[in-house]
Amino acid sequence: MSLLQVKDLNKSYQTDTKVLKNINFSAGTGEFLSVIGPSGAGKSTLLRCINRLVQADKGEILFGGQDLLKLRKKELRAARTNIGMIFQHYNLVPRLTVIENVLHGRFGYKSTLQGVLGRFSEEEKERAFYLLEKLGIEAHAYKRCDQLSGGQQQRVGICRALIQNPKLILCDEPIASLDPHSSKVIMDHLKSISEEMGITCIVNLHQVEVAQSYSDRIIGLNNGSIVFDGSNFQLDQLYIKRVYGMETRELITV
Amino acid sequence: MSLLQVKDLNKSYQTDTKVLKNINFSAGTGEFLSVIGPSGAGKSTLLRCINRLVQADKGEILFGGQDLLKLRKKELRAARTNIGMIFQHYNLVPRLTVIENVLHGRFGYKSTLQGVLGRFSEEEKERAFYLLEKLGIEAHAYKRCDQLSGGQQQRVGICRALIQNPKLILCDEPIASLDPHSSKVIMDHLKSISEEMGITCIVNLHQVEVAQSYSDRIIGLNNGSIVFDGSNFQLDQLYIKRVYGMETRELITV
Amino acid sequence: MDSVYLKRDKAGRINIKAGNRVNSVINWTVLSLTLLTVTAFLFFDYTGLEIGRAIMETAVNLRTMFLQPSLNHFSWGEALFQVGVTISLAVIATILGAVIAFFLALWSAVNLANKWVSKSIKIFVAFIRAVPTVLWVLIFAIAAGLGSEAAILGMLFHSIAYLVKAFSEAFEEVDKGMLEALRSTGSGWWHTIVHAVLPSTSTYLLSWTFLRFEINFSVAVAMGAAAGAGGIGFELFMASGFYFDLREVGFITYAILLVAIVLEVASTHLKKRYFSS
Amino acid sequence: SESSGTGGKNTEAADGEIDIVWYPNESGSDMKSSRDEIGALITDATGQEVKHHLTTDYAIAIETLVNNNAELAFMGAQGYIEANNRNEAIKPLVVPTGSSGTLDDAVYYSWLAVNKDDQEDFKEAGEFSLDKIAEKKMSFVSNSSTSGFKVPSSGIISHFSDENLAETDLMEGGPLFSQVLFGNSHQGSAVNLLNGNADVAAFCDTCVENYVEIVEGEPNRPGSVYRVKDDAAEPFNTVTGKEFILISVTPVLNAPFVGNMDLLGEEGFKKLQDYFSADEVANNEKIFVPEDSGESALFFKTGDERFAPVEDKWFDPIRELSK
Amino acid sequence: MNEKAFKRRKLHSILFFLLIIGVAFISAYMTDFNLVEGMATIPTALIWMAENLIITTDTLAKLPKILEKLNETIFMSIAATTIAAAISLFLGIAGSTTTAVNGFFSTLARLIASFARNIPVVAWALILLLSFGQNSITGFLALFVGTVGFLTRAFIESIDEAGSSAYEALTATGATYFQVVGKAIIPQCLPQMISWILFMIETNIRSATLVGILTGTGIGYAFDLYYKMLDYQAVALITLLIVAAVIIIELASNHIRRVIL
Ligand SMILES: Nc1ncnc2c1ncn2[C@@H]1O[C@H](COP(=O)(O)OP(=O)(O)OP(=O)(O)O)[C@@H](O)[C@H]1O
Ligand SMILES: Nc1ncnc2c1ncn2[C@@H]1O[C@H](COP(=O)(O)OP(=O)(O)OP(=O)(O)O)[C@@H](O)[C@H]1O
Ligand SMILES: [Mg+2]
Ligand SMILES: [Mg+2]
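These numbers were taken from a predicted model, which means no experiment stands behind them. (Residues numbered from 1 in each chain as written. Chains lettered and ligands numbered in written order. Predicted model: local features only at pLDDT ≥ 70, side-chain atom pairs only at ≥ 80, totals over all residues. Heavy atoms only, no water.)

## Some points on a nonpolar patch on the surface
Residue and element names in this part refer to chain C. What counts is decided by this rule: Candidate patch residues must exceed 30% relative accessible area and have no salt bridge, after which like charges are joined if within 9 Å and Val, Leu, Ile, Met, Phe, Trp or Tyr side chains if within 5 Å. Using a 1.4 Å probe, the Shrake-Rupley method yields the accessible areas, and only the shown protein chains count as cover for residues. Criterion for a salt bridge: a side-chain nitrogen of Lys or Arg within 4 Å of a carboxyl oxygen of Asp or Glu. Counting from the N terminus, the helices are the DSSP runs of H or I reaching at least four residues and the strands are the DSSP runs of E reaching at least two. Think of it in three bands: with a 1.4 Å probe and only protein chains considered, a residue is buried below 20% of the maximum accessible area for its type, exposed above 50%, and partly exposed in between.
A grouping of V99, I100, F103, W107, V117, W189 and W190 is seen on the molecular surface, where their side chains present a nonpolar patch of about 570 Å² in accessible area. When residues of the nonpolar patch are traced back to their parent elements, those giving at least two are α3 (76-108) and α8 (189-227). If you tally residues by element for the nonpolar patch, the top one is α3, at four residues. Among the structural elements, V117 can be located in helix α4 (residues 115-130). Taking the relative accessible area as the measure of exposure, V117 reaches 38% and is therefore partly exposed.

Structure, rendered in structure tokens:
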């Protein structure tokens, strides 16, 4: 059974232009799924509709049997704890330390007061350290995030998502701001998360080659519609042209 | 004879750490030369030493027979008109129109008063339009620069450099802030500038593959020293490792 | 053949200005300010003005004031104490103002609060800001009796209004992505405020508060002079308005200048230290 | 304890402190010893601590008393009348007398002066005439001053009664004067005249006596000429040696100490009145300072000066001025 | 940073808060301030305002005269701000790190700004009143000095913020200093500067009240006259007019700002 099922999803920001048109797809547990498409295709909007950072207009998003779009405020908070998110610009609180940022991932499990006072249990802190170690940045645990390189910050972002104990991780262009080496490190980590921990990953990517070499499955978006949905080796020149509306030689891929 | 010859160039910002160490290279007329290297290697510093935005400590920079480092203020201004520069963040005046920004490239040829009053001849304006047309952005000529996309802004930057009638163009990571398609457009333009107009281009790049596919020659910098200087096909895995200090498979190249 | 996009003016020369709304508004604003200024000088009341004599006398008076400062009506110790009182007035108004403004600003930042609550607070605060501080102080002095309460409350009103504006703008500039990131982990509103908004704006809040403290210090001086709120401003008023003792005015001015410059240097230092990222 | 405006509480009588408000004129630090001595006197009378409130503003001083935020004040006759209008419980306590020791000469003088060199402009048939001040530049002290505005302006209004002027008409140029200045103090008003900013100025005799000396005629008589001393302090330092001549002199009732009956109570009020008017106070050299001592003080002794109890009725002449 | 330093930082924040509370208490002691009583006076004040600050038809008779004064104040503020802006432009260019010609002028410009801003307006008012007399020029000058100080500081920040990137790019084309300043820096900063100028006009109308009380000019003078006569109806009318003027100007400048920024 699939963990996430998106049915007939529609979204428009202004009333006239549809950003997402009848999106249908599903993702199984532990699957690594890439979403590619030109700028403005609606990749970010799709991800943000899933955890309701953006309100969809129509459709269903079934996550573990629940329709996310129907949840009330409190239930939504609970559901969100199961969905981690990783951003292109990391979206950390730059002035706080790495470990503090990681622990932010636990707020979903806390009452207002506990959270405001910043009370975290020893297990939570140990788990945070464990994750930092796993991603190779435990040495920076007490550094402020704005003192880290982009790649290191993104790993903090991943830790923050992982400490939520999510079943699903959404990644919106996680490597677009990174240099080649850091990009590789991050993609490797995401891959191992989905493989070793069985967490489903949906990753928006600009680089076709990266998508091809990492994903189990690729979804190609163009102008709000899915124009490709299949395994990486099925994505040939023809489909790429369909997704991007131009030939591969007009793109600097990767 | 080579247009630019850099001899024994040295530069340190603080007295203790050398950013550039005994740099020697030359570039011929119409040559397309890429400079690659990890972050902090000194790529930007090298370019900025050439047109003296940064004061070198020692060495010679022979440009058309003149040693740039010895020039007085007025002569330097004159020499700079022959050297265009293109920046990663475009460095346009965002509130002014495209055409105004392009015409800024003519100040080097004007007296202070002419420039401050903004007197440009009709030929200059026509030339500006010609260049905008050549780079395919004449439709935006009267738009403010902050309303353009990154790729379009970079093309304005190129026009500003070209209207100087330069013999040499320095590009500091011209495509680092651009999406794949825009990157391709910009690189193609730069290439055609060097080929068709015979203008020498020195381009700092992060992406090895891009450097390889566009350049006549590549210079690899590491920690302030040139560790590779040769044609693109000579740059093999071994040299890449020497330049970046790590294996190619640890990099997402391109 | 001209490109279709090329525009020429009537004389056939190529335009390089956009001729858009922004430029015309800027030009229009500059022009009308210039015209208004010229008009102002035409309409001014010049009675009793002899510019030459006035400038000469000002120079003489300034020289007396700044080159021969002395204390005649009270002692160094008192001067020090009165400066302390003035600083204290500013301190209390600033601290209370900052605390109250912090909460009001949370509810008036559009990215954090309800649109209508935000609008109402902003309008209310704009009204309070429009009333000159000295009026608030005088009104409180009459209604609430003489004393530090009147002065502080009067200054407090204005401080709150000013800081709510500054704080809410700082909050509104908080990186949207950061708020989203926390929201997407399931964090509540207060979690986001305390652990994301506060840490990322605290230096701004501090620096605005400090700036307001600088302002409040000079307001406290002026209130002492205009509304009898006490402190060094009162002494300044007596020295200037009643004794016409320029030397004492000079001394007090130096004292105030010293404090003000120390505050300014401190705030620039604070800024340099915490804002140069 | 002393505070310059600060520190006053919403004082109700029960707080065990007597609050006394001083006008700006008496708030200078050179008056401190006088204020403290009077404070001690009040403590003697009531057994309560005294808290002094110094002000820079007449209105605040008046309102403080009116709104039951202070028990006592020392204020000009005009201020008392305002206070009494707004709160019946404000009553006059005592007034410092003249040298006779009675209320008969409990007055000082409000002057209208012009520069000596310009005196001919103000004469009609060899006599000074108020008619000639029309269309001139006038300087008053402040519109809340008794001798520097209230008294002279009412004199002027009644002189020009045909023109139907109101007090507010005299506060700005136009109806009568070409321009009206406010010196904000008696000294300031006098300087306005002497440096040529004004043609006519109103100020009082006692307020400038430290700076000027009489050179012609008798004190406080129209036609007398005064000269600024050569060593006069600021603000007269730029006009030393200049001479002015009085064109009109009006006696003004001395300023009273006033009390708030609601807070003091009948008994407390009476007790204070007795204490103030006692002979010991009259002989206390710290309150009535000998004139030749060279010290600055609120009250000086030239003859039999003392504090004398006073009734509300005594101020009627000033009330008449406003009618 | 290690765990210890992390703990130390937390300790620092706590100490900082304790320090603030301590300073507040010392200040309250110095000024004899009582928070509870202070707050308790707010209702009293509001009641007093409701009872006394009433505008009656009688008061409206004074409107023409008051409007005349308000007019003077508005003109005074505009003139003071505009002329101060012209001078601050030079000081700002000299003072900003991006466009500084040399360290000496830069420091000098900042020093002038600092003095102009920090000498109390009370002292200025006295000096000016003594020699210039009671007229618009006195009020104008008193506002002018402070405005130069403030605008210079604001302009320096605007220029610094507009960034060195365009400056650098134009220098690289061989442009001269004045070309770069005139064609890149000023056009780029102009909207920001205009925004500051508008803000300052608004501020100056407000401070003109105080300056007016001290120098006997404009609306502040009218305020002072009626206040001293205890004519609170007129005071209310004046206050209302000032508020209206400030809000209208604020709205207008917000509108301009929205378009140009
Ligand atoms: N908050 C918003 N309000 C209005 N329109 C929006 C908003 N966010 C996105 N859009 C529009 O929706 C469309 C899809 O945007 P989206 O960001 O989802 O594209 P994307 O595929 O993520 O592009 P990119 O690769 O540039 O990130 C675009 O046309 C965009 O302009
Ligand atoms: N203005 C400066 N003052 C002091 N040090 C500087 C300055 N600019 C650069 N450096 C230092 O000089 C070294 C080389 O910097 P440079 O910017 O030339 O590297 P780069 O190769 O261009 O790196 P990147 O790829 O990140 O742009 C770095 O260590 C950097 O910290
Ligand atoms: Mg996107
Ligand atoms: Mg660089």
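After that view, the rundown keeps rolling.
## Some words on the packing of α3 of chain C against helix α9 (residues 232-242) of chain C
All names here are of chain C. Inclusion rule: Whenever a helix is involved, its axis is fitted only over the stretch in contact; in every case the axis is a line through C-alpha atoms, and angles between N-to-C directions fall within 0 to 180 degrees. Oblique is the label for any angle not covered by the other classes, which are roughly parallel (under 35 degrees), roughly antiparallel (over 145) and roughly perpendicular (65 to 115). Note on contacts: a residue pair qualifies if any of its non-hydrogen atoms lie within 4.5 Å across the two residues. Residue type decides the class: Asp, Glu, Lys and Arg count as charged, Ala, Val, Leu, Ile, Met, Phe, Trp, Tyr, Cys and Pro as nonpolar, and the leftover types, Gly among them, as polar.
Contact geometry for α3 and α9: axes closest at 7 Å, N-to-C directions at 120°. Here α9 runs oblique to α3, going by the angle between their axes. Only I232, G233 and E235 of α9 make contact with α3, whose side of the interface consists of A79, Q82, V83 and T86. Broken down by class, the residue content of the contact of α3 with α9 amounts to three nonpolar, three polar and one charged.

## Concerning the site of ligand 2
Residue and element names in this part refer to chain B. So the rule is basically this: Nearness here has a simple test: a residue counts as near a molecule or strand if at least one of its heavy atoms is within 4 Å of that partner. Two N or O atoms form a polar contact when they lie within 3.5 Å of each other; inside protein one atom must be a possible hydrogen donor and the other a possible acceptor, and for residues adjacent in sequence the pair counts only when both atoms belong to side chains.
For ligand 2, the set of nearby residues contains 13 residues, the closest of which are S39, G40, K43, S44 and T45. At a separation of 2.5 Å, an oxygen atom of ligand 2 approaches a polar side-chain atom of T45. Taking H206, its side chain carries an N or O atom lying 3.4 Å from an oxygen atom of ligand 2. Protein contacts shield 58% of the accessible area of ligand 2, which totals 630 Å² for the unbound molecule. Broken down by class, the residue content of the shell around ligand 2 amounts to four nonpolar, seven polar and two charged.

## Here's the deal with the domain arrangement of chain A
Reports often express the size of an interface as the amount of accessible area lost when the parts come together. Residues and elements named next belong to chain A. Note the threshold: Each domain's extent was defined by an automatic or database domain assignment. Buried area: the accessible surface (1.4 Å probe) lost by two parts on joining, summed over both.
Splitting chain A by domain gives domain 1 (1-82 + 167-254) and domain 2 (91-165). Placing the centre of domain 1 and that of domain 2 at their C-alpha centroids yields a distance of 25 Å. Contact residues are listed per partner, giving 17 residues for domain 1 and 15 residues for domain 2. Together domain 1 and domain 2 conceal approximately 1,300 Å² of surface at their shared face, both sides included; 62% is due to carbon and sulfur atoms. Taken together, the connections running from domain 1 to domain 2 amount to one salt bridge. Between K134 and E196 there is a salt bridge, with the nearest N and O atoms lying 3.4 Å from each other. On inspection of domain 1 and its partner domain 2, the count reaches six residue pairs in polar contact (both at pLDDT 80 or more). No other element matches helix α7 (residues 180-196), which puts seven residues into the side of domain 1 that touches domain 2.

## Quick look at the interface of chain D and chain C
Listed as interface residues are 33 residues of chain D and, on the opposing side, 36 residues of chain C. Inspection of the chain D/chain C interface yields zero salt bridges. Mapped onto the side of chain D that touches chain C, the elements with two or more residues apiece are β3 (49-54), α2 (58-66) and α5 (186-194) of chain D. Per-element tally for the side of chain D that touches chain C: the top contributor is α2 of chain D, with three residues. In terms of residue class, the side of chain D that touches chain C is made up of five nonpolar, 23 polar and five charged.

## Thoughts on the domain arrangement of chain C
Splitting chain C by domain gives domain 1 (3-65) and domain 2 (74-274). Spacing between the C-alpha centres of domain 1 of chain C and domain 2 of chain C amounts to 33 Å.

## Things to note about the UniProt feature "transmembrane region" (unreviewed entry) in chain C
All names here are of chain C. Convention followed: UniProt positions are given in the numbering used here, feature names are shortened, and annotations may be inferred rather than shown by experiment.
With numbering matched to this structure, UniProt assigns "transmembrane region" (unreviewed entry) to residues 25-44, 79-109, 121-144, 189-211, 217-237 and 249-270. Each end of residues 189-211 is marked by a C-alpha atom, and these two atoms are 29 Å apart; helix forms 100% of the span and strand 0%. For residues 249-270, the helix share is 100%, the strand share is 0%, and the end-to-end C-alpha distance is 31 Å.

## Observations concerning the site of ligand 1
All names here are of chain A. Taken together, 13 residues lie near ligand 1, and S39, G40, K43, S44 and T45 sit nearest. In this structure, an oxygen atom belonging to ligand 1 sits 2.5 Å away from a side-chain N or O atom of T45. Residue E173 places a side-chain N or O atom 3.2 Å away from an oxygen atom belonging to ligand 1. When ligand 1 sits alone it has 630 Å² of accessible area, and the protein chains cover 58% of it. Its residues placed into classes, the shell around ligand 1 shows four nonpolar, seven polar and two charged.

## Quick notes on the environment of G147 of chain C
Residue position: G147 of chain C is located in the loop between α5 (133-144) and α6 (148-172). For the pair G147 of chain C and A229 of chain C, spaced 82 residues apart in sequence, the C-alpha separation works out to 6.7 Å.

## Brief notes about the interface of chain E and chain C
Taken together, the 71 residues of chain E in the interface contact 80 residues of chain C. When chain E packs against chain C, close to 6,500 Å² is buried across both sides, 79% of that on carbon and sulfur atoms. Counting across the chain E and chain C interface gives four salt bridges. R129 of chain C is paired through a salt bridge with E250 of chain E; the nearest N and O atoms lie 3.1 Å apart. Where chain E touches chain C, the interface holds six residue pairs in polar contact (both at pLDDT 80 or more). For the side of chain E that touches chain C, the element with the most residues is helix α11 (residues 232-260) of chain E, which contributes eleven residues. By residue class, the composition of the side of chain E that touches chain C is 48 nonpolar, 16 polar and seven charged.

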